[in-house]
Amino acid sequence: MTRALRIKIIIVLVVLLGSLYFLYPTFRLVTMGREERTALEIDDPEEIDKLMGKAIKLGLDLSGGMHLVLEVDDSQLKDDEKRDVLDRALQIIRNRVDQFGVSEPTIQKEGAKRILVQLPGLQDAERAKRLIGQTAMLQWHLVRQQEEVVGILNKLDRVLKRAHGDSLIEITPSVADTAVGFVPEVPVAEETVDVLEETIPAAEETIPPAEETPPVPTPFDSSMVPESLLMQQTPDVPIDIPLQTMNKDKPFTSLLMSFYRDWLIVHEDNIPRVRRMLADPEVIEAIPEDSEFMWFDDWTPLPEGGRGKFLFLIAKDVTVSGANLVNAVPEADPQAPNRLLVRFRFNRKGAREFSRFTGENVGRFTAIVLDGRIRSFPVIRSKIPDGSGVIEGDFPDTEARDLAITLRAGALPAPMLIREERTVGPSLGADSIRMGIRAALFGLIIVIIFMIIYYQLSGGIASIALIFNLVILFGLLAYLGAALTLPGIAGIILTIGMAIDANVLIFERIREELRKAKTIRSAIDAGYDRAFTTILDANLTTLITAVVLWQFGTGPIKGFATTLSIGIIASMFTALVFSRVIFDLWTRSGRVKKLHI
Amino acid sequence: MKFFGETHFNFTGSRNRAFVISVVLIVAGLVSLAIRGGPNLSIDFEGGTLIQVLFDRPIQINELRDVVIEAGYGGAEIQRYGQSDQSKSEYEYLIKIEKISESEMVSSRLLEALEASAPGYGWRIVSVEEQPPDYSTRFEGGNLVIVEADSVPAIEELKEQIKEQGVGIVSATQETSTRVAFSLPYLGAEAKAARTLIERLSAYFPDHEIEVRRTETVGPKIGEELKNRAWAAIVISLFGILIYISWRFEFKFAVGAIIALIHDVVITVGIFSMLDKEISLAIIAALLTIVGYSLNDTIVVFDRIRENFGLRRRESYERMINISINESLSRTVITSLTTLIVVLFLLFMGGEVIHDFAFALMVGIIVGTYSSIYVASPILIEWQNRLSSRRRAG
């Protein structure tokens, strides 16, 4: 045996054994019965994790799950904040997903502004979106006191009257008969003071928020809508509609109901009007820079009937923020055990700030603002030194748990927008695997039968090379930790077809050389030599397109490019090295009189 | 066993006939593309929503269409899924919604409700103003719709009537004697299409078990970017091939190969257009694979030409190329055949998801094999002929 042949045999054996070694965990998992697996999960969960970690991973389209592309909205950030915003967002999303408990998630940057999140096996898409996409910016703002607010309200009346006096439309308070106009009341003496944990109960009763009323299916006939009407929409043009009020002298305050402690109440019907007034440039100008109006999240039933919302004037400064939170857990509301609230705890720095804040503002109301919406507005009864408190809200079970997770993980540095969302149910993935494997097996068998009929014994060698090729391919997939996707299976099937090509090229060459009446050994040598450049050129150009695909593709396409690239490399190895070794061993003795090709 | 011994087909002699076939195929595809206004791009590139649902019992496609239209997605495309298994074809459906417009949906719903509750007023939509939703805060957004009419009926009654029509109205305020401003909750027509449809389906088919097999929502911006990336991928890989072949062979070989590849891709896209099949991301991958495969074939022939160029100096260029094609014919046919076999298995057994992908590969393998014989090599001959006639003239 020549030295070169010996080295080739060693290389072939190393590749074969290496591939089998990397394939073992996959093989073990696939062949494990359900009972054995359950048993192992109980006895040795670490072993299962280890096997799963080393086995070939399935892409989302095969395992089922969710694929999200989020884009960071950094339009509100300053330039120096924009720099590492994506890295911070990535870290926080990773924290949240980790705590959510999804096995083997993929969370990675994609380009300069996007984050790709893949959650295998996850089915509750809405919940995951909320958990991942929620900014979870928690802030405490001081609520401005009544005396201050009254002054500003009067100013707003004056400003609106001056700016829009002529165009204001006076309406009769038809619905909101209850809206009696603004009557400054004497502040209600605070009877019992609330502790921070016992916030003012805010309309937790009966009325579901309007947004959640599911639209009832109605018969719809698009032909009823004349086309010409639809064409008239001009959503881009700002509409100039006069502001409405109930009293031209008090344009703003006449829309408000009453003052209750430090906040205002606005009847449902007047909310759009008030919103529009608050959006008026003159009004924005008139509100002091250190304050802003903010609505309370939930509806409140009104004693006069109907419902309304609380409107607060709050200090713009964030007095304490959620950045220093160390823990947040959902727990039952002591006053209403079927409701949940979220208890939080600050670290030492946060606790110090919180203690100072509460100490300085005893008796004042504070607004707990989560993502720009007031979630609760407790009054500070006394200084809170231990840095702990609660957030109320009408949380369903999962939402309280998820809010706690997002608070623990920290706030996103900027809002994230969902740009792409794909979910695959587990049954579809299972179907795809079954069909893909079946197609691959049948394809493989037919090709092998064809090769053996056409090239006889040599065809058999090519078939062994083909199977070896697949072993290398799967072994490398497992080693690289690359996910197998449905297009990936297609890539493997294509590889089966194309891997044969290298052998065909060689065999055809050998046949040609044999026709020239060369000896078997020299025909084999010449065949391999001549075919070599062809195989190299043909495969390298295919590899170029596969690499470009890998570079530009996302998800499934990448999977296809991966298996195709690996398949091309493996097929070159098996054709040029492996099958050559077999031929050399076979014809080494020189006793072979006829080459079955 | 042997399909071919030594063959002496006159491939290069029949290149004019092949040229006609190629031109006819390309022109037919281009005409189809022109008629349809470009390729039929999937939601991967156009943006939109796709939902695949499986019912436990058969339903009528008309019922499904009704639900989808009621939900406001009149332009949706509904297909039976899994045609390969006829017995199950009334169980599984694919619903595709492209380019949803929130403002159109809101105004059509409101108009319909207005016409139903107060007919004869001549309702017209003046404007729709959107407040976009913010996923980060559960703020679902809203729509301010200004409506005009010849005269306006009692606004409070109207509001109640509209609510009875099932349109969730937050408020209605009379702006002028002929104008009313309605504030409607944000429908989230774009972002929530999948969820809305699934909710509607379970409400409409309460006795069926409905399994959501797949949902895909792609924002228009991402789609646009994917389109650019797909183009970039095709252009870059062609460029890479051009450089590689110029380096390994000659520039004219590279040009011949590239023209053959463009020929293959254009014909495949044309056939997709004629059959009204969608071009999705997976199809782009298939097209690039076709590029790789067809190139494989072309290179094998070119390699033979390069080899014979050294050996058969005395033959004419055209004859030498014809000999080269004949010599590699056996290999070309066998490789194409084996690849075609597996692709056919993929096509018929691989399942619906992979069906169009396999179809593109099948077309590509046939066209690619043809083009390496009848397009790439003849270009070399034409190139050489022009060159020598110019030399003679000069």
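Every value quoted in this text rests on a predicted model; they were computed, and no experiment measured them.

A. The arrangement of the overall build of chain A in detail. A count of helical and extended segments in chain A gives 17 helices and 20 strands. Taken across its 597 residues, chain A has 44% of its residues classed as buried.

B. Layout of the nonpolar core. With 135 residues, the main nonpolar core has Ile493(A), Leu549(A), Ala257(B) and Leu346(B) as its most contacted residues. If one sorts the elements of this core by residue count, helix 14 (residues 426-480) of chain A sits on top with 20 residues. For Leu549(A), the residues in contact, after removing those within four places along its chain, are Ile557(A), Phe560(A), Ala561(A), Ala233(B), Ala285(B) and Leu288(B). The next biggest cluster of nonpolar side chains, apart from the first, holds 79 residues, and it includes Val72(A), Leu131(A), Met137(A) and Met277(A).

C. Focus on the interface of chain B and chain A. Taken together, the 91 residues of chain B in the interface contact 95 residues of chain A. Pairing geometry for strand 19 (residues 416-424) of chain A and strand 8 (residues 210-218) of chain B, over five bridges, is antiparallel. Its bridge partner lying in strand 8 of chain B, Thr423(A) is registered against Thr215(B).

D. Layout of the confidence of the model for chain A. Residues and elements named next belong to chain A. The share of residues in chain A with pLDDT of 70 or more is 86%, and the mean pLDDT across the chain is 78. Mean pLDDT values for the elements of chain A range from 27 in helix 9 (residues 227-231) up to 91 in helix 1 (residues 3-31). Low confidence marks residues 174-239, where pLDDT is under 50. Its contacts with residues over four positions away, or in another chain, come to 125 contacts.

E. Looking closely at the packing of helix 16 (residues 520-552) of chain A against helix 7 (residues 220-248) of chain B. In the contact formed by helix 16 of chain A and helix 7 of chain B, the axes pass within 9 Å of each other and the chain directions differ by 155°. The pairing of helix 16 of chain A with helix 7 of chain B is recorded here as roughly antiparallel in orientation. Between helix 16 of chain A and helix 7 of chain B lies a crossing of right-handed hand. Of the residues in helix 7 of chain B, those touching helix 16 of chain A at Asp537(A), Leu540(A), Thr541(A), Ile544(A), Thr545(A), Val548(A), Leu549(A) and Phe552(A) are Arg229(B), Ala232(B), Ala233(B), Ile236(B), Ser237(B), Gly240(B), Ile241(B), Tyr244(B) and Arg248(B). When grouped by side-chain class, the residues that make up the contact of helix 16 of chain A with helix 7 of chain B number 10 nonpolar, four polar and three charged.

F. Quick peek at the domain arrangement of chain A. When cut into domains, chain A gives domain 1 (3-37 + 425-587), domain 2 (65-133 + 411-424) and domain 3 (138-201 + 244-393). Placing a centre on the C-alpha atoms of domain 1 of chain A and another on those of domain 3 of chain A gives a separation of 69 Å.

G. Up close: helix 7 of chain B. Taking 1.5 Å of rise per residue, the 29 residues of helix 7 of chain B would be expected to cover 42 Å, and the 42 Å separating its terminal C-alpha atoms lies within 8% of that figure. Of the residues making up helix 7 of chain B, those classed as buried are Gly223(B), Leu226(B), Ala230(B), Ala233(B), Ile234(B), Ser237(B), Leu238(B), Ile241(B) and Ile245(B). Buried residues belonging to helix 7 of chain B abut helix 16 of chain A together with helix 2 (43-46), strand 8, helix 8 (251-274) and helix 9 (281-311) of chain B.

H. Quick look at the domain arrangement of chain B. Under the domain assignment, chain B is made up of domain 1 (12-42 + 219-393), domain 2 (48-97 + 191-218) and domain 3 (102-185). The straight-line distance from the C-alpha centre of domain 1 of chain B to that of domain 2 of chain B is 38 Å.

I. Local environment of the environment of Thr332(B). All names here are of chain B. Note on placement: Thr 332 falls in helix 10 (residues 317-349). What makes Thr 332 buried here is the crowd of 21 C-beta atoms within 10 Å. The sequence separation of Thr 332 and Arg 195 amounts to 137 residues, and the corresponding C-alpha distance is 51 Å. If we ignore the near neighbours within four places in the chain, the residues touching Thr 332 are Asp 297, Val 300 and Thr 369.

J. Main features of the sheet that holds strand 5 (residues 138-142) of chain A. Residues and elements named next belong to chain A. Overall, antiparallel pairing links the four strands, which are arranged 13-5-16-17 in an open sheet. Looking at the sheet topology across the chains shown, the edges are occupied by strand 13 (320-321) and strand 17 (373-376). Judged from the three bridges that link them, strand 16 (residues 366-370) and strand 17 form a sheet pairing that is antiparallel. Paired with Val 369 across the strands is Ile 374, a residue of strand 17.

K. Focus on the packing of helix 10 of chain B against helix 11 (residues 352-393) of chain B. Residues and elements named next belong to chain B. Packing of helix 10 against helix 11 brings their axes to within 10 Å, and their N-to-C directions diverge by 175°. When the axis of helix 10 is compared with that of helix 11, the two are roughly antiparallel. A class-by-class count of the residues in the contact of helix 10 with helix 11 yields 17 nonpolar, seven polar and one charged.

L. Geometry of the sheet that holds strand 8 of chain B. Read across the sheet, eight strands follow the order 3(A)-4(A)-2(A)-19(A)-8(B)-1(B)-3(B)-2(B) without closing on themselves; strand pairing throughout is antiparallel. The open sheet is flanked by strand 3 (106-110) of chain A together with strand 2 (77-80) of chain B, the only strands paired with a single partner. This sheet shows a mean twist of 20° between the axes of neighbouring strands, independent of strand direction. The sheet strands contacting helix 3 (residues 61-70) of chain B are strand 2 and strand 3 (92-98) of chain B, and the helix crosses strand 2 of chain B at an angle near 155°.

M. Here's a closer look at the pairing of strand 2 (residues 65-72) of chain A. All names here are of chain A. Most of strand 2 is tucked away, with eight of its eight residues classed as buried. Here strand 2 shows two buried faces, one formed by Gly 65, His 67, Val 69 and Glu 71 and the other by Met 66, Leu 68, Leu 70 and Val 72. In terms of strand pairing, strand 2 meets strand 4 (residues 114-120) through seven bridges, oriented antiparallel. Bridge pairing links Leu 70 to Ile 115 in strand 4. Relative to strand 19, strand 2 is paired through eight bridges, and the arrangement is antiparallel. By the bridge assignment, His 67 is partnered in strand 19 with Arg 422.

N. Quick look at the environment of Ala154(B). Residues and elements named next belong to chain B. Along the chain, Ala 154 turns up in the loop between strand 5 (142-148) and helix 5 (155-164). Judged by local crowding, Ala 154 falls into the exposed class, with 12 C-beta atoms found within 10 Å. Distance in space between the C-alpha atoms of Ala 154 and Arg 179 is 12 Å, their sequence separation being 25 residues.

O. Representation of unusual backbone geometry in the model. One non-glycine residue, Gln456(A), lies in positive phi territory at about 55°. One non-glycine residue with positive phi stands out, namely Asp276(B), at about 55°. Mapped onto the elements of the fold, Asp276(B) is located in the loop between helix 8 and helix 9. Take Asp276(B): there are 9 C-beta atoms within 10 Å of it, and that puts it in the exposed class.

Cut-offs used in this document
- Residues numbered from 1 in each chain as written.
- Chains lettered and ligands numbered in written order.
- Predicted model: local features only at pLDDT ≥ 70, side-chain atom pairs only at ≥ 80, totals over all residues.
- Helix = DSSP H or I, 4+ residues; strand = E, 2+ residues; numbered from the N terminus.
- Buried ≥ 20, exposed ≤ 12 C-beta atoms within 10 Å, placed from the backbone.
- Core = buried A, V, L, I, M, F, W, Y, C linked by C-beta atoms within 7 Å.
- Contact = placed C-beta atoms within 7 Å.
- Pairing = 2+ DSSP bridges.
- pLDDT = per-residue confidence, 0-100.
- Axes fitted to C-alpha atoms, helices over the stretch in contact; angles between N-to-C directions.
- Parallel < 35°, antiparallel > 145°, perpendicular 65-115°, else oblique.
- Left-handed = near helix turned anticlockwise from the far one by under 90°.
- Nonpolar A, V, L, I, M, F, W, Y, C, P; charged D, E, K, R; others polar.
- Domains from an automatic or database assignment.
- Expected span 1.5 Å × (residues − 1).

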